[in-house]
Amino acid sequence: MAVIDQKRIAVNTLLLYARMGLVMIIGLYTTRVLLGAMGKVDYGLFGVVGSLVLLFSFLSNSMSTACQRFFSYELGRGDNIELRNRFTQCFLAFILIAVAVVFLFETVGLWYVRNIMECDGRDQAVALAYQFTVAGVVLQVLRTPYMGVMIAREKMSVYAAINLFESLATLCAALLLKVAGGDKLVFYSFLMAMIQAVSALLYYGYGRICCEECRLVRLNGKGNLYEVFRFTGWEMIGTLAGACKFQGVSLLLNPLFGNVAVAARTVSQKVYMSVVKLQDDYFKAVKPQIIKSYAADEMPGMMKLLFQSTRFSFYLMLAVSLPIIIETPLILNAWLKEEAVPDLSVAFTRLILVNGMIDVFSNPLASAIQATGNNKWYQICMGSTLAAILPVGYVGIRYLGWSEVSVFYVSIVLSFAAQCVRVHFVKKQVGLDVTVFVRKVVLVIIGTTAVSASLPVAVHLLFGENRTEMQSLFVIAISVVWSIATAYGLGITRSERRSINGFISKMFNRVICRR
């Protein structure tokens, strides 16, 4: 049975890219509006509150991964009855998770807000913003089973449409701050909770109307539910570690360096999240195919897709990250206005993008492990590696005099170590040939990156520090074009190049020539 559908991957990727392009533009402009309307301090406070809430949402993120894994697995087996059972199991599990999340928010999270967080005299406003943000996250938790079915069935057009609605609604909320009276931090947090409520209703409505498995059924046994919770329980370790790595840094910077440092961190996160959507959206179209291939016991096809998706994901990230890393000051000043750019934003942005290019390897390798369902020791080893960023960063800053940027260097080193852990477990559980993976993926990526960076960096140095804006724009254009050309010429196989040429030719004939 042929499970891997390259055409469907390509179509879904194009849909997600169309969504991503609009969402990226809207998101970047929204950040500019927010920073101008709220100011650096309130924007930093909102960033800390958001990071705290996202840190404690590791429960729902773990269950989301489990949902997509089990849904895709049952679809790969062609078992629609078991798929309905899985949906019911996941929905009941998410109700329990919502209760647990609220408990964590109202105990540990509230204690941090009241006793550790630096609020700059805005304690009451921060407390209200925190509660509204908690409400929004609970709504996100409850909608996740419906979103999981949508992604597993590869209904990317609907997913893209709802995501676009969220971005437009967020922009409208930011624009309202310019004319709204009262406390803008509280008002914006309230609007974000309302947006999540509408989004949850859209997912629920589509699932009930268009997906027959999105209906609760009577469960006849506890065995499968135990399997879901067992997988999710181990997945939580890795998800919590990832949250510590990504969100925990803001919680570390707030009491040690203040809200302006957090504002710079939040700006760098916005840039990173906009860039990472490129490869993340591509992989959303690929991940269900990897899991379905494993479920159908098509291991050669799965390995081919694993290698291909790792390289393609990296090149997508490289094409956007490289020009931003080279011309970060110009891009941030044009985006946020020079006087509004928080200190350290340039350094934070460059380092988080370098870290992001290392993290590109995570999705394909982790999906291979998730497909097996055997994630216990993988999550223990990988989670302990990533979670080390907080204790190492705290000790370094508190007792060794490290600067704010030190935590980013720690994160880069630990991310590299985590990739080694992932490769080891994919070899052990799926049969990955590490020598072939290094030769066909890692070394190819390193060579392509070196060649891609050579020309734009040389032009950048040739123009010097006093280059004009037009010269900087030329460097950006050279970076994008040269990295894409290098990836096409050096970074992919001959058969992949033929497939890309055929797909482009087919799309050209369909759109331009109307054939």
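None of the values given here were measured: they were computed from a predicted structure.

Looking now at the overall build of the protein chain. When helices and strands are counted, the protein chain shows 19 helices and 0 strands. Going through the 515 residues of the protein chain one by one, you find that 54% of them count as buried.

Here helix α17 (residues 434-463) spans 42 Å end to end across 30 residues, near enough to the 44 Å set by a 1.5 Å rise per residue. Where α17 bends most, the angle comes to about 30°, and this point is Ser454, followed within four residues by the proline Pro456. Among all positions in α17, only Phe437, Val441, Ile445, Thr448, Ser452, Pro456, Val459 and His460 are buried. Tucked into the core, α17 has its buried residues touching α10 (299-326), α13 (362-372), α16 (406-430) and α18 (469-490).

Counted according to the given criterion, the structure contains 3 salt bridges. Note that Arg467 is salt-bridged to Glu327, the shortest N-O span being 3.0 Å. With Arg467 in the loop between α17 and α18 and Glu327 in the loop between α10 and α11 (328-336), this residue pair connects regions lying 140 residues apart in the sequence. Residue class for Arg467 comes out buried when judged on its relative accessible area of 17%. For Glu327, a relative accessible area of 1% gives the class buried.

A cluster of nonpolar side chains, Val392, Tyr394, Val395, Tyr399, Leu400 and Trp402, forms an exposed patch at the surface whose accessible area comes to about 580 Å². One can find Tyr399 in helix α15 (residues 389-400).

This part is about the side chain of Ser479. With respect to the secondary-structure elements, Ser479 resides in helix α18. Since its relative accessible area comes to 0%, Ser479 is described here as buried. Setting aside chain neighbours within four positions, we find Ser479 in contact with Leu322, Pro323, Ile326 and Pro456.

This next bit is on the packing of helix α9 (residues 259-295) against helix α12 (residues 345-359). Two elements in contact, α9 and α12, have axes whose closest approach is 9 Å; the angle formed by their N-to-C orientations is 40°. If you check the angle between α9 and α12, you find them oblique. Like other packed secondary-structure pairs, α9 and α12 cross with a definite hand, here right-handed. Within the contact between the two elements, α9 uses Ala261, Ala264, Arg265, Val267, Ser268, Gln269, Val271, Tyr272 and Val275 and α12 uses Ser345, Phe348, Thr349, Ile352, Leu353, Gly356 and Asp359. Along the lines of polarity and charge, the residues of the contact of α9 with α12 split into 9 nonpolar, 5 polar and 2 charged.

Turning next to the layout of surface pockets. Of the voids in this model, the second largest pocket is the one considered here, and its volume is about 430 Å³. Contributing to the lining of the second largest pocket are 17 residues, with Phe361, Phe416, Gln419, Val442 and Ile446 lying nearest its centre. When residues of the lining of the second largest pocket are traced back to their parent elements, those giving at least two are α12, α16 and α17. No other element matches α17, which puts 7 residues into the lining of the second largest pocket. Its residues assigned to classes, the lining of the second largest pocket shows 15 nonpolar, 2 polar and no charged.

Here Thr486 shows up in helix α18. Sequence-distant contacts of Thr486, defined by excluding residues within four places in its chain, comprise Thr448, Val451, Ser452 and Gly491.

The terminal C-alpha atoms of helix α4 (residues 123-152) lie 42 Å apart, and with 30 residues this matches the ideal 44 Å at 1.5 Å per residue to within 8%. A bend of about 45° at Thr144 is the largest found in α4, and the proline Pro145 appears one to four places after it.

A separate point is the packing of aromatic side chains. Applying the stated criterion to the full structure yields 12 aromatic pairs. With a centroid separation of 6.3 Å and an interplanar angle of 25°, the aromatic rings of Phe87 and Phe91 are classed as stacked. In this pair, Phe87 and Phe91 are both assigned in helix α3 (residues 80-115), 4 residues apart and thus about one turn of the helix distant. By the burial criterion, Phe87 is buried, and Phe91 matches it. Put simply, the rings of Phe87, Phe91, Tyr146 and Tyr204 touch in pairs and so form one group of aromatic residues. Against the face of Tyr488 rests Arg497, its NZ or CZ located 5.7 Å from the ring centre.

With that settled, the discussion passes to the environment of Leu139. One can find Leu139 in helix α4. If we skip the residues at most four places from it in the chain, Leu139 touches Ala193, Gln196, Ala197 and Ala200.

Of all residues in the protein chain, 87% have pLDDT values of 70 or greater, and the mean over the chain is 80. When pLDDT is averaged over each element of the protein chain, α17 comes out on top at 93 and helix α1 (residues 6-56) at the bottom at 67.

So, about the packing of helix α8 (residues 248-257) against α9. Taken N-terminus to C-terminus, the directions of α8 and α9 make an angle of 155°; their axes are 7 Å apart at the nearest point. With respect to each other, α8 and α9 are oriented roughly antiparallel. Between α8 and α9 lies a crossing of right-handed hand. Packed against α8, whose contacting residues are Val249, Ser250, Leu253, Asn254 and Phe257, the element α9 presents Asn259, Ala261, Val262, Arg265 and Gln269 at the interface. Of the residues in the contact of α8 with α9, the class split is 5 nonpolar, 4 polar and 1 charged.

Now for the environment of Lys292. Here Lys292 shows up in helix α9. When the C-alpha atoms of Lys292 and Gly78 are compared, they prove to be 9.6 Å apart, with 214 residues separating the residues in sequence.

The rules behind these values
Residues numbered from 1 in each chain as written. Predicted model: local features only at pLDDT ≥ 70, side-chain atom pairs only at ≥ 80, totals over all residues. Heavy atoms only, no water. Helix = DSSP H or I, 4+ residues; strand = E, 2+ residues; numbered from the N terminus. Buried < 20%, exposed > 50% of the residue type's maximum accessible area, 1.4 Å probe, protein only. Expected span 1.5 Å × (residues − 1). Bend = angle between axes of the 7 residues up to and from the residue. Contact = heavy atoms within 4.5 Å. Salt bridge = Lys/Arg side-chain N within 4 Å of Asp/Glu carboxyl O. Patch = residues over 30% accessible without salt bridge, like charges linked within 9 Å, V, L, I, M, F, W, Y side chains within 5 Å. Areas by Shrake-Rupley, 256 points an atom, 1.4 Å probe, with all protein chains shown as cover. Axes fitted to C-alpha atoms, helices over the stretch in contact; angles between N-to-C directions. Parallel < 35°, antiparallel > 145°, perpendicular 65-115°, else oblique. Left-handed = near helix turned anticlockwise from the far one by under 90°. Nonpolar A, V, L, I, M, F, W, Y, C, P; charged D, E, K, R; others polar. 1 Å grid on protein atoms, 1.4 Å probe; cavity = no way out; pocket = protein on both sides within 12 Å on 5 of 7 lines; lining within 4 Å. Points joined across faces, edges and corners; volume = space filled by probe spheres on them. Phe/Tyr/Trp six-rings, centres within 6.5 Å; stacked < 30°, edge-to-face > 60°. Lys NZ or Arg CZ within 6 Å of the ring centre and 35° of its normal. pLDDT = per-residue confidence, 0-100.

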